[in-house]
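So you can see what is in the structure, the chains are spelled out below.
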Protein chains: 2
Amino acid sequence: MFNDFRTESDSPAYIQLKVYIETLITQGVMPLHHKLPSTRELAGLLGVSRTTVISAYEALERTGWIEAVKGRGNFVSRAAVHLEEPPSIIDWTERLGPQAFLSEEMDLMKHGIKWEKGMIAFTSIAPDERLFDMAGVKRAFLDRMALEGNVLMNYGYAQGYRPLMEYLLGYMRGKGVETEGKDILITNGFTEGFDLLLTAIGQRSGRILCENPTHHTAVKMMKLHGFKPVGVSMEHDGMNMDELRRTLDEGGFDLAYLTPSYHNPTGIVTSPEKRMELLRLLGEHEVPVVEDGFNEELRYSGAHAAPLIACAGIGNSVAYVGSFSKILFPGIRVGWIVADRKLIGYLESLKRARTIHTSTLDQALLFQYLHNGNFERYLKRARTEYKRKYELAVQGCREHIPMKNLSGEGGLHVFVELEETLDARAVLEDCRLRGVVFTPGDIFFTNGRGKNTMRIGFSRVPEDRITEGLRIIGEVVNKHLEDSGILSDPGKGGGSYE
Amino acid sequence: MFNDFRTESDSPAYIQLKVYIETLITQGVMPLHHKLPSTRELAGLLGVSRTTVISAYEALERTGWIEAVKGRGNFVSRAAVHLEEPPSIIDWTERLGPQAFLSEEMDLMKHGIKWEKGMIAFTSIAPDERLFDMAGVKRAFLDRMALEGNVLMNYGYAQGYRPLMEYLLGYMRGKGVETEGKDILITNGFTEGFDLLLTAIGQRSGRILCENPTHHTAVKMMKLHGFKPVGVSMEHDGMNMDELRRTLDEGGFDLAYLTPSYHNPTGIVTSPEKRMELLRLLGEHEVPVVEDGFNEELRYSGAHAAPLIACAGIGNSVAYVGSFSKILFPGIRVGWIVADRKLIGYLESLKRARTIHTSTLDQALLFQYLHNGNFERYLKRARTEYKRKYELAVQGCREHIPMKNLSGEGGLHVFVELEETLDARAVLEDCRLRGVVFTPGDIFFTNGRGKNTMRIGFSRVPEDRITEGLRIIGEVVNKHLEDSGILSDPGKGGGSYE
């Protein structure tokens, strides 16, 4: 006993000693009524100060494991009691329902591409944390703490932290959104926002209209909520309008889920004309819209297009889900929904039943960071960095990868369509052997298509590795083309989407 | 134009100017192709520095609202386009499903007791933020930021932040829990943890066994998930075992939801003997258990009882949901589930589909705070403070309120049972007129009982106000007793629960 105790880290020694003794008790090494060494004795034995031992004993007394008996010493006062026979061994898989199985089955982190150290990974579209402005974060934290630290650490309101809500409503007005009659709800990122909407919406047709391909997490979530995603093909400037019309005529939809800017995975920006036209069409068919504001800020060139919720003017059919997670700090999980006030009221109650509210500390930190004017400065810098990587990625794809089409007008990824006969998953297998991975495009399609496509996320890959990785992918694609008897033609790359 | 521009707050002036001009554009005051004043001219007009105007114009250019034409000046390059006719006005209530309506209907924050400034509010059981150790929080933040700030702000893992997971597993072992074969998932507080479990569990009987009364948020959540809560009456030392046996014999249950320590709302601690007995009974009937670890740390006296998951030894039928939200920092929304490893695997996938992961910053902050040894110190202090309030509350109830029973052995609230004939909601109405509110107990009951009960939360009420508030409640109760013809008998208060 005690001879294997070592103080290890920078954590207080008395806590380490407390945990160590707890383990001796719970494992039955120190039985009930066992007398502990005196504090002086144990301090000598372990080579720690007597204060450390006294503090550890006090802590053990507070949690009920030991008892000090005046003039006699400290005794174990509570045995590790548990049933001799475990009450029952449950086979949990027999107890679970369809949502548990489906979420596991569609969990890309479990069944997706395994990454190994040293690989060039084009799989992520998270921001590059080396760009983060940590001095600004620290200042924002200290500024806000000084103002109202205690309040931030206690319960807040389900709808959100008021200063952040007001800031974001102003931010949306800056995008041209008419906020009269609308309201805002703060969420744990885009994912919770979309999940709340999918929970709130009643199933009538059970169908959701979306772009094809589209964000795979959104597809997973629609399916988990029992909705069937029905995709409309993408062209270089947005959905194919004829197909959209036909699809709308064929049957009702409970919702449309759309990502008009730097669409995931294709990177396509829907043109202003198509934005207006699709709003008109969806309006005629009375289909409400969930707009995914994903990456809207990462425009490197070209004209700015207003979000659908701005195009809708005083209309209330669009619910906009926003997040800075592809730009600022995904780790703090703050997103928002701007929508019709009545709808937000119901979503607020659902949110309260799900997570009570989003971390007030995170909301306050984000607010103060924005309020201090860091976002504008950071965005300027991030745009410059990502733009360079974006250009490198486009150039690398065109130079090295023989393809049918390349898309992506901004954001943190591009999308490559290989020759029809090629299998991107087989290409991935060979690339992985050479230390390069990407995301196979088929997971984004709603109808099993896209086997010849791949998403290349470049945000977290260092510049020299971008070119190197794309060269390797190109070599593997060429090999696959040769094997399938098609002539390699690198010059063919870079056609527009149509 | 520009004559109502005022720089107001400590936010950078150029951002305020940018927002101001955006509003002019989106409201159509500055139409497309409108020429903006020169930077020199506008600086003079507004009395701001020229740098401010230049920065504002640059920011407007980046977001696409204006365009600099060499040698000619700055022009509005994007009109606030939106459809002339809104695409459609949607009646959202027609589009919503049962979960939206039910969550709104059961939302206590919307339909519960309205609080007004100056009132003595016994409605909250949140911790008193004046006790928070903000210096420790600040130090924890700065310590962790210095170590790995950038990483904390980027995406993390659905299961949780590794150092916190390991700390909490050790913490659970300290409570006597056998963690072999088990694993942990970090959640956004208890609420998300319970929600994930309710989502994962398949409906067979559709019934969940629980204490009666029980945590009203848990009742709401069970109903939202389509489960029927079936309550078993409480005695002073836990559930009535005969009733439990009868209830278990009457039909199957998909789950039992239990709060063995400082139970909400009664404050009852289930005795060690009953813990063993109910585990045995539930085991025989193969009913898995969700244990709510609520307030376990706030013991002021009496023996410590091991949580059910510890009592179950190597058994895997108990899923423990923990949170420090009633002690440390509810504002940061961090909780955890410890359960069978296989179950945690499925819950992890569900969590990823819901909120991706819990804020890494919050997890890291909490970890560092615990790791620095603050929790032990804080708990010691918080226990002393809350114990004093607890004793004042018990004394005040016994002295002033004529009642059938008082319960609550620790934690942040006590529970009062008035004479059967009294209506706690009517008492509340009259108390409110005198500036005192509490939580009527009926909302905690699964079977419409408890109309004569009230929960008194004392954690956030200053000490002198506790006594004053209880005196007023006592006077109102006496008045109601007189009106109903029953003799007032304050001395009768404070009987045990049976």
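As annotated in an unreviewed UniProt entry, chain A is GntR family transcriptional regulator from Saccharibacillus kuerlensis. Recorded under Sequence similarities (unreviewed entry), the UniProt text for chain A is reproduced unchanged: "In the C-terminal section; belongs to the class-I pyridoxal-phosphate-dependent aminotransferase family." Turning to chain A, the UniProt annotation filed under Cofactor (unreviewed entry) states: "pyridoxal 5'-phosphate".

> Help me out: how do you make sense of the overall build of chain A in this one?
Helices and strands together make up the secondary structure of chain A, namely 18 helices and 16 strands. Each principal axis of the C-alpha distribution contributes one length, and for chain A these read about 90 × 60 × 50 Å. For chain A, the proportion of its 498 residues judged to be buried stands at 64%. At a minimum sequence separation of 6, the contacts of chain A that also span at least 24 residues come to 74%. For chain A, the exposed surface amounts to about 18500 Å²; the carbon and sulfur share of it is 50%. Of the charged side chains in chain A, 59 are positive and 66 negative, and the gap between their average positions amounts to 5 Å.

> Please explain the sheet that holds strand β16 (residues 453–457) of chain B as it appears in this structure.
In a beta sheet, neighbouring strands pair by backbone hydrogen bonds and run either parallel or antiparallel. All names here are of chain B. Strand order in the open sheet formed by four strands is β12-β13-β16-β15, with antiparallel pairing between adjacent strands. This sheet does not close on itself; its edge strands, each paired only once, are β12 (405–407) and β15 (439–440). Looking at chain direction, strand β13 (residues 413–417) and β16 are connected through five bridges and run antiparallel. Bridging from a neighbouring strand, V416 pairs with M454 of β16.

> Explanation requested: the UniProt feature "domain: HTH gntR-type" (unreviewed entry) in chain A in the structure shown.
Per the UniProt record, the feature "domain: HTH gntR-type" (unreviewed entry) sits at residues 11–79 of chain A. Between the C-alpha atoms that bound residues 11–79 of chain A there is a distance of 27 Å. The span itself is 51% helix and 12% strand.

> Would you take a moment to explain the packing of helix α17 (residues 424–433) of chain A against helix α18 (residues 463–483) of chain A for this structure?
Any two packed helices are characterised by how steeply their axes cross, that is the angle between the axes, and by the distance between the axes. All names here are of chain A. Running from N to C, α17 and α18 cross one another at 125 degrees; their axes reach a closest spacing of 9 Å. If you check the angle between α17 and α18, you find them oblique. The element α17 and its partner α18 pack so that their crossing is right-handed. Each of A426, V427, D430 and C431 in α17 lies in contact with α18, whose residues at this interface are I473, V476, V477 and H480.

> Which parts of the structure should I look at to understand the interface of chain B and chain A?
For interface size, the figure often reported is the accessible area lost on association. If you look at the interface, chain B gives 130 residues, while chain A gives 129 residues. Carbon and sulfur atoms make up 59% of the area that chain B and chain A hide from each other, which totals about 11200 Å². On the chain B side of the interface with chain A, the three residues burying the most area are B:W92, B:R95 and B:M153, jointly 8% of the side's total. A salt bridge links B:E58 to A:K380; the nearest nitrogen and oxygen atoms lie 3.4 Å apart. Inspection of the region where chain B meets chain A yields 43 residue pairs in polar contact (both at pLDDT 80 or more). Per-class residue counts for the side of chain B that touches chain A are 53 nonpolar, 38 polar and 39 charged.

> Got a minute to help me understand the sheet that holds strand β8 (residues 255–258) of chain A in this structure?
Residue and element names in this part refer to chain A. Taken in spatial order, the eight strands line up as β4-β11-β10-β9-β8-β5-β6-β7 in an open sheet, and their pairing is mixed. Whereas interior strands pair on both sides, the edge strands pair on one side only; in this sheet they are β4 (182–187) and β7 (238–239). Contacts between helix α9 (residues 189–200) and the sheet are confined to β4, β5 (207–212), β8, β9 (289–292), β10 (318–323) and β11 (335–340), with β10 contributing the most and set at about 155 degrees to the helix.

> Whenever I open this one, the confidence of the model for chain A confuses me. Can you help?
Low pLDDT marks regions whose predicted coordinates should not be analysed in detail. Per-residue confidence for chain A gives a mean pLDDT of 91; residues scoring 70 or more make up 96%. Note that residues 490–498 of chain A has pLDDT below 50 and, in this model, 24 contacts with residues that lie over four places away or in other chains.

> Explain the nonpolar core to me, please; I cannot follow it from the model alone.
Side chains of nonpolar character tend, in soluble globular proteins, to be buried together. Residues A:I473 and B:I473 are the most contacted members of the largest nonpolar core, which totals 205 residues. The contacts of B:I473, once residues within four sequence positions are left out, are B:F122, B:I401, B:C431, B:V436, B:F438, B:M454 and B:I456.

Quick notes on the rules
- Residues numbered from 1 in each chain as written.
- Chains lettered and ligands numbered in written order.
- Predicted model: local features only at pLDDT ≥ 70, side-chain atom pairs only at ≥ 80, totals over all residues.
- Heavy atoms only, no water.
- UniProt positions renumbered as here; feature names shortened; annotations may be inferred.
- Helix = DSSP H or I, 4+ residues; strand = E, 2+ residues; numbered from the N terminus.
- Buried < 20%, exposed > 50% of the residue type's maximum accessible area, 1.4 Å probe, protein only.
- Contact = heavy atoms within 4.5 Å.
- Areas by Shrake-Rupley, 256 points an atom, 1.4 Å probe, with all protein chains shown as cover.
- Lys, Arg positive; Asp, Glu negative; His and termini not counted.
- Charge placed at Lys NZ, Arg CZ, Asp CG, Glu CD.
- Pairing = 2+ DSSP bridges.
- Axes fitted to C-alpha atoms, helices over the stretch in contact; angles between N-to-C directions.
- Parallel < 35°, antiparallel > 145°, perpendicular 65-115°, else oblique.
- Left-handed = near helix turned anticlockwise from the far one by under 90°.
- Buried area = accessible area lost by both parts, 1.4 Å probe.
- Salt bridge = Lys/Arg side-chain N within 4 Å of Asp/Glu carboxyl O.
- Polar contact = N/O pair within 3.5 Å; in protein donor to acceptor, adjacent residues only side chain to side chain.
- Nonpolar A, V, L, I, M, F, W, Y, C, P; charged D, E, K, R; others polar.
- pLDDT = per-residue confidence, 0-100.
- Core = buried A, V, L, I, M, F, W, Y, C linked by side-chain atoms within 4.5 Å.

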